[in-house]
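So the chains spell out like this:
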Amino acid sequence: MRRITTRHLTFAAMFTALAVVLSIYPFTFYLPDSSRITFREIPIYLCSFTLGPVFGGLCAFIADLIGTFISSSGNAWNPLFALNAVLTGALPGLLFRFVFKRQNGVLSKALSIIPVNILVSLFLTTLWLHVLHFDGGVPFWAHLLLRMLLVAVMTAVQILAVSALYPVVLRGIEGGKQA
């Protein structure tokens, strides 16, 4: 088992703070169909890839909790969306660490992010919006089709950003050693 250091806790706190900042108004764009464009997953994925799935899940949960309370959207905290946050934080780290054995390539990061975005961002979020009637009366399948393009574009942006930032972040976490 890997030892948890002050450096790990500090980076986890910074990832969480960055995810909170990216989830509030100037960095989040709300769309008419209860969807939103946000970049908050990027620090969560970086946390999950560099510090592991436990830190990734905790980072996402805390960012969701704090982000909901300080957001100007007026939405209440919901455990269903908190579950989505935890899955978004933990699953990519699990895939990256155990399936791809931390291979430092764009493909391993992409194959760690894509299934999570399909499961969580596309299916579960659409399901929760439908169950909670935030979909404007649109049938589930229609709302799913509407969200497909958004999820595809955001997935591509996330993969590019995480792949570009991962070596820099990893070097910082390891204390300046080469990644």
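Placed above this text is the structure.
Residues numbered from 1 in each chain as written. Predicted model: local features only at pLDDT ≥ 70, side-chain atom pairs only at ≥ 80, totals over all residues. Heavy atoms only, no water.

Here we come to the state of the cysteines. Scanning the model with the defined rule gives zero disulfides in all. The cysteine Cys47 is free of any disulfide, with Cys59 supplying the nearest cysteine sulfur at 4.2 Å. Residue classification places Cys59 among the buried residues on the basis of a relative accessible area of 1%. (Disulfide = S-S within 2.5 Å. Buried < 20%, exposed > 50% of the residue type's maximum accessible area, 1.4 Å probe, protein only.)

Core analysis: the biggest nonpolar cluster contains 28 residues, and Phe15, Leu46, Phe49, Leu51 and Val162 have the highest contact counts within it. Put simply, the parts of the chain that give this core at least two residues each are α1 (6–22), α2 (41–51), α3 (53–70), α4 (79–99), α5 (106–131) and α6 (140–173). At seven residues, α2 tops the list of elements feeding residues into this core. Those residues in contact with Leu51 that sit more than four places away from it in its chain are Arg2, His8, Phe11, Ala12, Phe15, Leu46, Arg97 and Ile173. (Core = buried A, V, L, I, M, F, W, Y, C linked by side-chain atoms within 4.5 Å. Helix = DSSP H or I, 4+ residues; strand = E, 2+ residues; numbered from the N terminus. Contact = heavy atoms within 4.5 Å.)

In this fold, Met154 is placed in helix α6. Separated by 116 residues in the primary sequence, Met154 and Thr38 have C-alpha atoms spaced 8.3 Å apart. In contact with Met154, other than residues within four places in its own chain, are Ile37, Thr38 and Phe39.

Everything listed is a geometric property; what it means functionally is a separate question.
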